[in-house]
Amino acid sequence: MSMMNYELIRSSRRTVSLEVTKECVVRVRAPLRMPKGEIDTFVASHRTWVERQLTKRRAVPVRPEPTAGEIAELKARTRRLVEPAVARYAAHMQLQPSGIRITTARTRYGSCSGTNGLCFSCFLAECPAEAVELVVVHELCHIVHKNHGEKFYALLESVLPDWRERKKLLTMR
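Residues numbered from 1 in each chain as written. Predicted model: local features only at pLDDT ≥ 70, side-chain atom pairs only at ≥ 80, totals over all residues. Heavy atoms only, no water.

**Student:** How would you explain unusual backbone geometry if you had to name every residue and give the values?
**Tutor:** In this model, Q94 sits at a positive phi of 55 degrees, which is unusual for a non-glycine residue. Given a relative accessible area of 72%, Q94 falls into the exposed group. Although it is not a glycine, N116 adopts a positive phi angle of roughly 70 degrees. Looking at where N116 falls in the secondary structure, it is placed in the loop between β5 (110-112) and β6 (117-121). (Buried < 20%, exposed > 50% of the residue type's maximum accessible area, 1.4 Å probe, protein only. Helix = DSSP H or I, 4+ residues; strand = E, 2+ residues; numbered from the N terminus.)

**Student:** How would you sum up the sheet that holds strand β2 (residues 17-20)? Please name residues and give values.
**Tutor:** In spatial order, the strands read β1-β3-β2; together these 3 strands make up an open sheet with mixed pairing. Each end of this open sheet is capped by a strand with a single partner; those strands are β1 (7-11) and β2. Strand-to-strand twist across the sheet, computed as the mean angle between neighbouring axes with direction ignored, equals 20 degrees. Both β2 and strand β3 (residues 26-31) contribute to a ladder of 4 bridges, which runs antiparallel. Across the sheet, the residue bridging to L18 is V28, located in β3. In this fold helix α1 (residues 36-45) packs onto β1, β2 and β3, with an angle of close to 125 degrees to the strand it touches most, β1. (Pairing = 2+ DSSP bridges. Axes fitted to C-alpha atoms, helices over the stretch in contact; angles between N-to-C directions. Contact = heavy atoms within 4.5 Å.)

**Student:** Describe the pairing of β6, naming the residues involved and giving the relevant values.
**Tutor:** Sheet faces and side chains relate simply in a regular strand, where the side chains alternate between the two faces. The buried fraction of β6 is high, at 5 of 5 residues. In this sheet, β6 lies alongside strand β4 (residues 99-103) in parallel orientation, the contact comprising 5 bridges. Directly across from R101, in β6, lies its bridge partner C119. Sheet topology places β5 next to β6; 3 bridges connect them, and they run antiparallel. When the sheet's bridge partners are listed, S111 is paired in β6 with C119. Where β5 folds back onto β6 in an antiparallel hairpin, the turn is made up of 4 residues, including N116, whose phi is positive at roughly 70 degrees.

**Student:** For the pattern of salt bridges, give the residues involved together with the corresponding values.
**Tutor:** Across all of its chains, the model carries 12 salt bridges by this definition. Between E51 and R47 there is a salt bridge, and its shortest N-O distance comes to 3.2 Å. On the criterion of helical spacing, the pair formed by E51 and R47 is a turn pair, its members being 4 residues apart in helix α2 (residues 47-59). With relative accessibility at 36%, the residue E51 sits in the partly exposed group. E65 is the salt-bridge partner of R106, the closest N and O atoms lying 2.9 Å from each other. Placement of R106 in the loop between β4 and β5 and of E65 in the loop between α2 and α3 (68-93) is noted, with a sequence separation of 41 residues between them. Taking the relative accessible area as the measure of exposure, R106 reaches 31% and is therefore partly exposed. Within this structure, E7, E19, R27 and R29 form a network of salt bridges that share partners. (Salt bridge = Lys/Arg side-chain N within 4 Å of Asp/Glu carboxyl O.)

Next up, the structure:
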């Protein structure tokens, strides 16, 4: 069996991790002093998982990067979707965010700052309305609870009892 090619990143970490990027790069992060042979053995022991991930990644068509004009349109559409939802749910939950920003974030649909400013990814515009509402309520819940603890999920559930079904509608580009 041939050795699998991978990108190795060494750092002061204690454990080994393995990921397959969207670009189908097999990336291994390992401790500085771990012998290369141990790393090779680790990768070989996860060969089936890596091959499954590569197959999945290759099955997903690569979408071209949006143009500046398309990003501007996505931001405008997202703002039109998010602002009324924030106003409606913030009033219902008796909360007041300090502001709303629309970003080009690609790894998360929303975030809530320590000063209660809400950020939403412009790619939220590509999701169904029920999913948009989930992200809005999720970030509003962070105004009250800055973590994902039991109280956070209890609040989320009290506002959107079907949040788990809605979550399935989110598919980050």
